[in-house]
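# Overview (structure and organization)
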Amino acid sequence: MSARAPVIEFAGVGRTYPGPPPVPALRPADLVIRRGEYVTVVGPSGSGKSTFLNVAGLLDRPSEGVYRLDGIDTATLNERDRTALRGRRIGFVFQSFHLLPHRSSMENVMLSLLYTGAKRKERRARALETLERVGLGHRAHAPAGRLSGGERQRVAIARALVNRPSLLLCDEPTGNLDTTTARTVLALIDELHADGFTVLVVTHDPGVASRGERAVVIRDGVLRETDPASLTAEAVQAVQDAQAVQVAQAVQVAQTVHEEQTVHQAQSRCVR
Ligand SMILES: Nc1ncnc2c1ncn2[C@@H]1O[C@H](COP(=O)(O)OP(=O)(O)OP(=O)(O)O)[C@@H](O)[C@H]1O
Ligand SMILES: [Mg+2]
């Protein structure tokens, strides 16, 4: 069986912010993501996730190495061609949705199609079809500002998908959602992957990262591939640690209350 074509190819790609002092935010890395894969990148705050995402999403240029997107060496492109490549090949989904609140869901999705040259009627049809794909056909005419958080993120996903990009790049897609709503958005991302989309999710949450078929940990700018199942264990451990802290705090509160009661009883005995 022939290997699927690479979408992202990093060969020694690194990014150092000039400073002073210089910050090596992404150490030279090799990484290949192939068509149809679902890859997550997980790391704590300041580890280099946004730096990685900005380079992969053509929002920033690497300071070293070769980055090929769909086989195209991105270093050879001028700003205009990079913008065009980004618009055609990458669909972005951000933590804070970035929708126009007074425009309808459909208009928000149609905006992605403005530069394709498609006629308005076709743009409307494609936007509606994509909203239906994310389960929001019935909210096509509602202003985005009136939608729930989960619905807004699904409109944002529809906007990212409508151009049929090579890569869906998600930056903390569930960061602003409660646990239940986050689950529905993650289930939608799973479905899109099952439909054949190439998905890259950047997150600080090991539970979100464990859903990928491949996971990459980033620490101090160093990328290292890991088994997504190991992140599930890490997420469970994090919840257990948080629960242990809560229990310890509750015990402390109980002790304080007990001590106060004891003091109070002693005081009232003295008064009597
Ligand atoms: N423009 C910049 N100039 C200098 N240093 C920067 C710049 N942007 C980021 N950094 C530094 O690079 C490192 C990686 O930052 P980055 O924003 O990629 O982290 P992150 O993993 O996205 O963190 P978070 O989860 O908090 O968003 C940090 O030490 C940060 O302070
Ligand atoms: Mg960041």
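Now for a quick tour of the structure. (Residues numbered from 1 in each chain as written. Chains lettered and ligands numbered in written order. Predicted model: local features only at pLDDT ≥ 70, side-chain atom pairs only at ≥ 80, totals over all residues.)

## Details of the overall build of the protein
- Along the protein, the regular secondary structure elements total eight helices and 10 strands.
- Radius of gyration (C-alpha) of the protein: 24 Å, far over the 19 Å computed for a compact globule of 272 residues.
- Projected onto the principal axes, the alpha-carbon positions of the protein cover approximately 90 × 45 × 45 Å.
- Out of the 272 residues in the protein, the part that is buried amounts to 37%.
- Look at the contacts in the protein between residues 6 or more apart in sequence, and 68% of them connect residues 24 or more apart. (Helix = DSSP H or I, 4+ residues; strand = E, 2+ residues; numbered from the N terminus. Rg over C-alpha atoms; globule rule 2.2 N^0.38 Å. Buried ≥ 20, exposed ≤ 12 C-beta atoms within 10 Å, placed from the backbone. Contact = placed C-beta atoms within 7 Å.)

## Focus on helix H5 (residues 149-161)
- In this model H5 runs 18 Å from its N-terminal to its C-terminal C-alpha over 13 residues, within 8% of the 18 Å that 1.5 Å per residue would give.
- With 12 of 13 residues buried, H5 lies mostly within the body of the structure.
- Listed in full, the buried residues belonging to H5 are Gly-150, Glu-151, Arg-152, Gln-153, Arg-154, Val-155, Ala-156, Ile-157, Ala-158, Arg-159, Ala-160 and Leu-161.
- On its buried side, H5 packs onto strand E6 (90-93), helix H3 (105-111), helix H4 (120-133), strand E7 (167-171) and helix H6 (179-194). (Expected span 1.5 Å × (residues − 1).)

## Structural notes on the sheet that holds strand E4 (residues 64-69)
- If you trace the four strands from one edge of the open sheet to the other, you get E2-E1-E4-E5, paired in antiparallel fashion. Two strands in the sheet have a free side with no partner beyond their single neighbour: strand E2 (23-34) and strand E5 (72-73).
- Sheet topology note: the strand E1 (residues 6-17)/E2 ladder contains eight bridges and is antiparallel. Pairing of Tyr-17 across the sheet is with Val-23, part of E2. (Pairing = 2+ DSSP bridges.)

## Observations concerning the sheet that holds E6
- Reading across from one edge, E6-E7-E8-E3-E9-E10 is the order of the six strands in this open sheet, with mixed pairing throughout. Only two strands of the sheet have a single neighbouring strand rather than two, namely E6 and strand E10 (222-226). Going from strand to strand, the sheet's axes swing by 20 degrees on average, the running direction of each strand aside.
- Examined bridge by bridge, strand E3 (residues 38-42) and strand E9 (residues 214-219) share four bridges and lie parallel to one another. Residue pairing across strands places Val-39 opposite Arg-214, the latter belonging to E9.
- The sheet contacts of helix H1 (residues 49-56) involve E3, E7, strand E8 (199-203) and E9, and relative to E8 the element is tilted by about 155 degrees.
- Sheet strands touched by H6: E3, E7 and E8. Its angle to E8, the strand with the most contacts, is close to 150 degrees. (Axes fitted to C-alpha atoms, helices over the stretch in contact; angles between N-to-C directions.)

## Considering the pairing of E3
- Among the five residues that make up E3, five are buried, leaving the element largely enclosed by the rest of the structure.
- Side chains of E3 alternate between two faces, with Tyr-38, Thr-40 and Val-42 and Val-39 and Val-41 buried alike.
- Where E3 lies against E8, five bridges are found, and the strand directions are parallel. Counted as the bridge partner of Thr-40 is Val-201 from E8.

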